[in-house]
Amino acid sequence: MEKKEQDRIVRRYYQYLKLEKGCSANTIDAYMRDLDKFLNFIKEEGKDFMTAQLEDMHNFSALMTDIGINPVSLSRILSGIRSFYHFLVLGDIIDANPTELLEFPKKPQHLPDVLSVEEIDLLEAQIDLSQPEGQRNKTIIEMLFSCGLRVSELVNLKISNLYLNEGFIKVEGKGSKQRLVPISEKAIHEIELYTLERNLISTSPEHQDFLFISRRRKKPLTRVMVFLMLKELVAKAGIPKAISPHTLRHSFATSLLEGGANLRAIQAMLGHESIATTQIYTHIDTTHLRKEILEHHPRNMKK
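Residues numbered from 1 in each chain as written. Predicted model: local features only at pLDDT ≥ 70, side-chain atom pairs only at ≥ 80, totals over all residues. Heavy atoms only, no water.

## Topic: the overall build of the protein chain
Assigned secondary structure in the protein chain consists of 14 helices and five strands. Looking at the protein chain as a whole, 48% of its 303 residues are labelled buried. By sequence separation, contacts in the protein chain at least 24 residues apart represent 63% of the contacts at least 6 residues apart. Just so you have it, the protein chain exposes about 15,600 Å², and 51% of that area is on carbon and sulfur atoms. (Helix = DSSP H or I, 4+ residues; strand = E, 2+ residues; numbered from the N terminus. Buried < 20%, exposed > 50% of the residue type's maximum accessible area, 1.4 Å probe, protein only. Contact = heavy atoms within 4.5 Å. Areas by Shrake-Rupley, 256 points an atom, 1.4 Å probe, with all protein chains shown as cover.)

Structure representation (structure tokens):
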């Protein structure tokens, strides 16, 4: 279907929500944003929303789950998509609703916490930069949030895998699979400041290439050390949430999604198993990934 015709149908749906359903402006905005996510997904799959099938709905739902969208948010998104297809059937635009048999995710008792940009800034404000580990810890917080790294990827990050001039870092994820991750200007700035101190720390030859080093132990940081550091900052900031390094990774994905980033790009940047094969990565343009994070991550959108 041509974009002009799709836009016409979407405008009709907007009027349907406003005039016939009497939805509030906030509800309509949420429905339209969620619909836009689905329409972009269908387009990327090379398909037409007019002929989408239940399988396409399942694939979309699985992708949303894969990038970290919690069940409550996913249920809201799927509800909006079902509403859209109900409208298409009512308007005799399509014959059958492909979402009729679509199952919604079960709501867990406890949802994972997400940190806002303001809360990330509050965490970083608790760091005493006059202390030897101050700049290191600020760099860690910024990279977890700006790059969506797993804590294991962070502590194993090598200096030789930093391509700051190009705006990327090379990360080794699960199963020793490597991927290029775009990095924001803010995170680059923090790394450059920390590197001035890192270069003064002498380590054994086997540890010389590790970026994040314990000044006392002269060895790479461990995951537990990062967790304890973050826990201390959360307590100082008075943030009443269950926070771990993974929370910052989840916040990274959530903030990109809310900013309108491409779903496949988010999935690629997170390095999830479902798409982290060499064959698939050869078809993902790293320049496009960098464009996605620069355009849709709040660290860059604030500029």
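## Topic: the nonpolar core
Within the largest apolar cluster, 42 residues are counted, with the highest numbers of intra-cluster contacts made by Tyr 13, Phe 60, Phe 84, Tyr 85 and Leu 88. At the level of elements, helix H1 (3–20), helix H2 (25–44), helix H3 (54–66), helix H4 (71–90), helix H10 (245–258) and helix H11 (263–270) are the ones that each hand at least two residues to this core. Judged by nonpolar contacts, the second largest core, of 38 residues, contains Phe 145, Ile 169, Val 181 and Leu 233. (Core = buried A, V, L, I, M, F, W, Y, C linked by side-chain atoms within 4.5 Å.)

## A closer look at the sheet that holds strand S3 (residues 178–182)
Strand order in this open sheet of three strands is S1-S2-S3, and the pairing throughout is antiparallel. Each having just a single partner strand, strand S1 (162–163) and S3 make up the two edges of the open sheet. (Pairing = 2+ DSSP bridges.)

## Comments concerning the packing of aromatic side chains
Evaluation of the coordinates by the stated rule reveals 11 aromatic pairs. Both rings, one in Tyr 13 and one in Tyr 16, keep their centres 6.2 Å apart while their planes meet at 25°; by these two values the pair is stacked. Here Tyr 13 and its partner Tyr 16 are both found in helix H1, three residues apart, which amounts to about one turn of the helix. No difference in accessibility class separates Tyr 13 from Tyr 16, as the two residues are buried. Members of the aromatic cluster, connected to one another through ring pairs, are Tyr 13, Tyr 16, Phe 38, Phe 41, Phe 49, Phe 60, Phe 84, Tyr 85 and Phe 87. Directly above the aromatic system of Phe 210 lies the positively charged group of Lys 158, at a separation of 4.4 Å from the ring centroid. (Phe/Tyr/Trp six-rings, centres within 6.5 Å; stacked < 30°, edge-to-face > 60°. Lys NZ or Arg CZ within 6 Å of the ring centre and 35° of its normal.)

## Remarks on the layout of surface pockets
Approximately 380 Å³ is the volume found for the largest pocket. Lining the largest pocket are 19 residues; nearest its centre among them are Glu 133, Arg 136, Asn 137, Met 229 and Glu 232. Counting only elements with at least two residues in the lining of the largest pocket, the list comes to helix H6 (134–147) and helix H9 (223–237). Broken down by element, the lining of the largest pocket gets its largest block of residues, six residues, from H9. (1 Å grid on protein atoms, 1.4 Å probe; cavity = no way out; pocket = protein on both sides within 12 Å on 5 of 7 lines; lining within 4 Å. Points joined across faces, edges and corners; volume = space filled by probe spheres on them.)

## Looking at the side chain of Thr 139
By the element assignment, Thr 139 lies in helix H6. Reaching out from Thr 139, the side chain makes a polar contact with the backbone oxygen of Glu 190 at a distance of 3.1 Å. (Polar contact = N/O pair within 3.5 Å; in protein donor to acceptor, adjacent residues only side chain to side chain.)

## Considering the pattern of salt bridges
In this structure the tally under the stated criterion is 13 salt bridges. Here Glu 142 and Lys 186 are joined by a salt bridge, their closest N and O atoms 3.5 Å apart. Taken as a pair, Glu 142 in helix H6 and Lys 186 in helix H8 (residues 185–198) lie far apart in primary sequence, 44 residues in all. (Salt bridge = Lys/Arg side-chain N within 4 Å of Asp/Glu carboxyl O.)

## Considerations on H3
Taking 1.5 Å per residue, 13 residues should reach 18 Å; H3 reaches 18 Å between its end C-alpha atoms and fits that length. Looking at the buried residues of H3, the elements they touch are H2, H4, H10 and H11. Looking one or two residues beyond H3, the residue adopting positive phi is Gly 68, at roughly 105°. (Expected span 1.5 Å × (residues − 1).)

## Here's the deal with the side chain of Thr 99
Examined against the element boundaries, Thr 99 turns out to sit in the loop between H4 and helix H5 (117–125). Overall, the relative accessible area of 0% leaves Thr 99 in the buried class. A distance of 2.6 Å separates polar atoms of two side chains, one belonging to Thr 99 and the other to Asn 97. When neighbours within four sequence positions are excluded, Thr 99 is seen to be in contact with Met 57, Ile 81, Arg 82 and Tyr 85.

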